[in-house]
Amino acid sequence: MAAPLVLVVLVAVTVRAVLYRSSLAAFISERVEVASPLNAWKRVVEGLALLDLGVSPYSGAIFHETPLIIYLFHFLIEYAELVFMITDVLTAVALYLAIQDFNKVVFKKQKLLIELDKYAPDVAELIRTPMEMHYIPLKVALFYLLNPYTVMSCVAKSTCAINNTVIAFFILATIKGSAFLSAVFLALATYQSLYPLTLFAPALLYLLQRQFIPIKLKSKSFWLYTMQYAALYLCSLVVIICLSFFLLNSWDFIPSVYGFILSVPDLTPNIGLFWYFFAEMFEHFSLFFVCVFQINVFFYTIPLAIKLKEHPVFFMFIQIAIISIFKSYPTVGDIALYMAFLPVWSHLYRFLRNIFILSCVLIVCSLLFPVLWHLWIYAGSANSNFYYAITLTFNIGQILLISDYFYAFLRREYYLTHGLHLTRQDGTEAMLVLK
Amino acid sequence: VCTSRFWFNYRHVANTLSVYRSVKRLGIPDSHIVLMLADDMACNPRNPKPATVFSHKNMELNVYGDDVEVDYRSYEVTVENFLRVLTGRIPPSTPRSKRLLSDDRSNILIYMTGHGGNGFLKFQDSEEITNVELADAFEQMWQKRRYNELLFIIDTCQGASMYERFYSPNIMALASSQVGEDSLSHQPDLGIGVHLMDRYTFYVLEFLEEIHPASQTNMNDLFQVCPKSLCVSTPGHRTDLFQRDPQNVLITDFFGSVRKVEITTETISLDSDLAGFESKLPKDELATEPQKYAEQLPVAQIIHQKPKQKDWHPPGGFILGLWALIIMVFFKTYGIKHMKHVF
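Quick caveat: nothing in here was measured; it's all calculated off a predicted structure.

**Remarks on the interface of chain B and chain A**
- The interface of chain B with chain A comprises 16 residues on the first partner and 18 residues on the second.
- When the two sides are added together, the surface that chain B and chain A hide from each other amounts to roughly 1,500 Å², 77% of it contributed by carbon and sulfur.
- At the junction of chain B with chain A, the criterion picks out 0 salt bridges.
- Our count for the chain B to chain A interface comes out at 1 residue pair in polar contact (both at pLDDT 80 or more).

Right under this line is the structure:
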């Protein structure tokens, strides 16, 4: 499988190199859908320039990257394009290896459940075979590398790509079973943008499953392992934050990075839902609603953990999707990461109900973003409501996508254990409903 | 100033141009005349004699020609422009010919004709100037020292109402009719089809024809021009603001430019005056060397060069700590036993 992957990587690198040389690069870097105040390349350059002038880059509200990014780009700023191409390639390779291992795990688990007679007799068509799963890792790498969102994010040199790489390595480490590495990469991801904190739960669930520790609240081994993992994670986080202190000898980066992510002071339009709401709100209520919106991101972890405790990788996928929809400054790079996972669940195709409408909504909204931006900002014949409407529609499409996959996944699981032909008490055909 | 337009107001243009001619004949150059006309008579499609404006019937005298310099023509003849010319509040881009460049030794003659009423004068059939505005404009001129003495002549219906409100000193005013009376036109020309002149101006011009630069005729004679029997309306005048006795005011004080010239027959040498003037300069001012440009501008002091900032580098402790951590993670993951392969 290495050769097709290399081919895909070459094609992706060529596409990116061509776009870097063309005039589209400047245009794409300016798009608000691709570059947010958190990860725009212009701000990285500005921060490094401020540093050269002897001023802390965190003075003023321009630079919101972590000190490790400063360190990374201090030496690599001339090779920025190469760096971003390499990060994309690394992400794709990491996802490829992770999904390869995951497929082995899935197949092993399926085999175990069949031998244990856990499946109903008539679900032969739902059983997955290694043949059909053979090309899934390649498809995942392909989906990530050649996704227009990823290409745009790379051409704009948005540091979201670096965040994606760290999360991909975290997923690889988790699926490989190394708690230590998984904790380290999760700490790095949380350190850069706050929201991967919620990925702690699916990673923990997966590692527990891998160690064959049952998830019972009374079980001592469960709590022991949880404590170990949490300790690893928190210690790495603390170590990284303390190390960042020594870069500039100041704690300035904490309000600039985490304070900025949590309190959302910059209301530049993006594809998220925060900006319009807070632009219209009175000062009096803004603290309350900031808290509500931020809790909304973290809130789904516990219910999903309870429902999906048998399927932690699917939980991880849903969690990444929720982060990229509800985070304070989403960009298309975040969307690209969870869309890369869609081939892993391609066996759910027969249960997905909204494929056509979803694809239409997502494609049309993606195309309408620049149009309505132009109409609003340049032509002056539209206003912010138009752009907000498209943002809203786009996010509704994404939420529909998640809930569709969720429903399809759970439905398949139900059919596996209860049989394909469900009947009600009076003998007529029954329909599964997601309540 | 002729404040009317359209063909049937031919006589007002002819009035103004005739007074213009007389004034030029008596020595005032174009640079000292501001002529405001609608200027739509000579080239009017209804003019049977194009490029001419006649002031007398039987086409005896063409008052339009090559040397008529109209300063404000057509739509530029507005109340605003007129008042701006009087008071001197004109935009800096106005050419000299359109400015009234008078000072406190200037005698100014203002002649206005057109359609008027009790207290107002109609400009170009669209706006009016009131007698109060005019009086205030003259007061501004007095306060800005823009005239020495001012003679104001107006030939409109109820013209006397226009000088009722003057309150500035040294103004003498004449009008063709009293309040309640109309000024009448003089004679129509059946060849051209309109009245060619107004009565009052016609008789004033007859009077002016006898004036030459050396004549000693005074203002009292001008007041007698056009009695009621000839003019049908009663001409009026106002001299209470004027400091001199009208008996002693020459017509040529206003209508002509009479210079007092003394011709000498002997030469006058001016050299001795200059020598005396030069010695008055202080000595030290003359003895300086010409300054060179570079010395005048000390460039090094003007452009203060900041010392070049050293590029920022991450501190050694940070780099050490980071790479120690990375190596620790590496070996924790892959085991210590691989160390010998690394080294």
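**Examining the sheet that holds strand β9 (residues 236–238) of chain B**
Residue and element names in this part refer to chain B.
- Spatial ordering of the open sheet is given by β3-β7-β8-β9, a layout of 4 strands whose pairing is mixed. Each edge of the open sheet is held by one strand with a lone partner, namely β3 (107–113) and β9. Across the sheet, the mean angle separating the axes of adjacent strands is 10° when strand polarity is ignored.
- Taken together, the 3 bridges between strand β8 (residues 171–175) and β9 define a ladder with antiparallel strand orientation.

**Observations regarding the UniProt feature "transmembrane region" (unreviewed entry) in chain B**
- The positions UniProt marks with the feature "transmembrane region" (unreviewed entry) are residues 312–331 of chain B.
- Span residues 312–331 of chain B is 80% helix and 0% strand, its end C-alpha atoms 31 Å apart.

**A few points about the pattern of salt bridges**
- This structure, assessed with the given rule, holds 19 salt bridges over all chains.
- A salt bridge links glutamate 80 of chain B to arginine 84 of chain B, with the shortest nitrogen-to-oxygen separation between them at 2.9 Å. Remark: arginine 84 of chain B and glutamate 80 of chain B occur in helix α2 (residues 79–87); sequence separation between them is 4 residues, near one turn of the helix.
- Judged by relative accessible area, which is 30%, arginine 84 of chain B ranks as partly exposed.
- Measuring nitrogen to oxygen at the nearest pair gives 3.0 Å for the salt bridge that ties aspartate 253 of chain B to arginine 244 of chain B.
- Of the residues examined, aspartate 253 of chain B reaches a relative accessible area of 25% and is grouped as partly exposed.
- For arginine 244 of chain B, a relative accessible area of 31% puts it in the partly exposed group.
- Connected through shared salt-bridge partners, Arg21, Glu81 and Lys157 of chain A make up one network.

**A closer look at the state of the cysteines**
Residue and element names in this part refer to chain B.
- Following the criterion strictly, the structure yields 1 disulfide over all chains and no others.
- The disulfide partner of cysteine 226 is cysteine 231, and the S-S distance across this bridge is 1.2 Å. For the disulfide bridge between cysteine 226 and cysteine 231, the dihedral angle about the S-S bond is near 95°, and by the sign convention the bridge is right-handed.
- On the basis of relative accessibility, which here comes to 3%, the residue cysteine 226 falls in the buried class.
- Classification of cysteine 231 by relative accessible area gives buried; the value is 1%.

**Details of the packing of aromatic side chains**
- In this structure the tally under the stated criterion is 54 aromatic pairs over all chains.
- Summarising the aromatic geometry, the rings of tryptophan 41 of chain A and phenylalanine 73 of chain A are spaced 5.0 Å apart at their centres and angled 75° between planes, so their arrangement reads as edge-to-face. Linking tryptophan 41 of chain A in helix α3 (residues 41–52) with phenylalanine 73 of chain A in helix α4 (residues 67–76), this pair joins segments that are 32 residues apart in sequence.
- You can call phenylalanine 73 of chain A buried: its relative accessible area is 0%.
- Taken together, the ring pairs in this structure connect Phe102, Phe314, Phe317, Tyr338, Phe341, Trp345, Tyr405 and Phe409 of chain A into an aromatic cluster.
- Taking the ring centre of tyrosine 75 of chain B as reference, the NZ or CZ of arginine 5 of chain B above it sits at 4.4 Å.
- The side chain of lysine 332 of chain B reaches across the aromatic face of phenylalanine 180 of chain A, ending 5.1 Å from its centre.

**Some remarks on unusual backbone geometry**
All names here are of chain A.
- Even without being glycine, phenylalanine 212 reaches a positive phi, approximately 60°.
- With respect to the helices and strands, the residue phenylalanine 212 is situated in the loop between α11 (200–210) and α12 (220–248).
- Residue valine 264 is not a glycine yet carries a positive backbone phi of 50°.
- Following the sequence through the fold, valine 264 ends up in the loop between α13 (253–263) and α14 (274–280).
- A residue is classified by how much of its surface remains accessible, and valine 264, at 6% relative accessible area, is buried.

**Remarks on the UniProt feature "active site" (unreviewed entry) in chain B**
Residues and elements named next belong to chain B.
- Within this numbering scheme, the UniProt entry marks His115 and Cys157 as carrying the feature "active site" (unreviewed entry). The named residues occupy 43 residues along the chain; their greatest pairwise C-alpha distance, 6.4 Å, places them in one compact cluster.
- Within the secondary structure, histidine 115 sits in strand β4 (residues 115–117).
- Leaving out residues up to four positions away in the same chain, histidine 115 has contacts with Thr3, Ser4, Asn9, Arg11, His12, Leu121, Lys122 and Thr156.
- Within the local environment of histidine 115, its side chain forms a polar contact with the side chain of asparagine 9, the two groups lying 2.8 Å apart.

**Concerning a nonpolar patch on the surface**
Residues and elements named next belong to chain A.
- Together, Leu7, Val11, Val15, Leu142, Phe143 and Leu146 make up an exposed nonpolar region whose accessible area comes to about 460 Å².
- For valine 11, the location among the structural elements is in helix α1 (residues 2–21).
- By relative accessible area, valine 11 is classed as partly exposed at 39%.

**Focus: the sheet that holds β4 of chain B**
Residues and elements named next belong to chain B.
- If you walk across this open sheet you meet the 3 strands as β4-β5-β6, and the pairing is antiparallel. Only two strands of the sheet have a single neighbouring strand rather than two, namely β4 and β6 (127–130). Taken pair by pair, the neighbouring strands of this sheet meet at an average axis angle of 30°, ignoring direction.
- Here strand β5 (residues 120–123) pairs with β6 via 4 bridges, running antiparallel. Bridge assignment links lysine 122 to a residue of β6, and that residue is glutamate 128.

**Section: the nonpolar core**
- Tyr229 and Trp345 of chain A are the most contacted members of the largest nonpolar core, which has 162 residues in total.
- For this core, the leading source of residues is helix α20 (residues 384–418) of chain A, giving 14 residues.
- If you look at the next biggest cluster of nonpolar residues, it comprises 50 residues, including Trp7, Tyr111, Met219 and Val225 of chain B.

**With respect to the UniProt feature "transmembrane region" (unreviewed entry) in chain A**
Residues and elements named next belong to chain A.
- If you check UniProt for "transmembrane region" (unreviewed entry), the listed places come out as residues 68–99, 166–187, 193–209, 230–251, 257–278, 285–306, 351–373 and 385–407 in our numbering.
- Counted over residues 68–99, helix gives 91% and strand 0%. Its end C-alpha atoms are 28 Å apart.
- As annotated, residues 285–306 comprises 95% helix and 0% strand, and the C-alpha atoms at either end are separated by 33 Å.

**A word on the environment of serine 97 of chain B**
Residues and elements named next belong to chain B.
- Structurally, serine 97 is set in the loop between α2 and β3.
- In this structure serine 97 comes out as partly exposed when scored by relative accessible area, which is 34%.
- Distance from serine 97 to valine 70, taken between C-alpha atoms, is 9.4 Å for residues 27 residues apart in sequence.
- Contact partners of serine 97, with chain neighbours within four places excluded, come to Val34, Glu69 and Asp71.

Parameters and conventions
Residues numbered from 1 in each chain as written. Chains lettered and ligands numbered in written order. Predicted model: local features only at pLDDT ≥ 70, side-chain atom pairs only at ≥ 80, totals over all residues. Heavy atoms only, no water. Contact = heavy atoms within 4.5 Å. Buried area = accessible area lost by both parts, 1.4 Å probe. Salt bridge = Lys/Arg side-chain N within 4 Å of Asp/Glu carboxyl O. Polar contact = N/O pair within 3.5 Å; in protein donor to acceptor, adjacent residues only side chain to side chain. Pairing = 2+ DSSP bridges. Helix = DSSP H or I, 4+ residues; strand = E, 2+ residues; numbered from the N terminus. Axes fitted to C-alpha atoms, helices over the stretch in contact; angles between N-to-C directions. UniProt positions renumbered as here; feature names shortened; annotations may be inferred. Buried < 20%, exposed > 50% of the residue type's maximum accessible area, 1.4 Å probe, protein only. Disulfide = S-S within 2.5 Å. Phe/Tyr/Trp six-rings, centres within 6.5 Å; stacked < 30°, edge-to-face > 60°. Lys NZ or Arg CZ within 6 Å of the ring centre and 35° of its normal. Patch = residues over 30% accessible without salt bridge, like charges linked within 9 Å, V, L, I, M, F, W, Y side chains within 5 Å. Areas by Shrake-Rupley, 256 points an atom, 1.4 Å probe, with all protein chains shown as cover. Core = buried A, V, L, I, M, F, W, Y, C linked by side-chain atoms within 4.5 Å.

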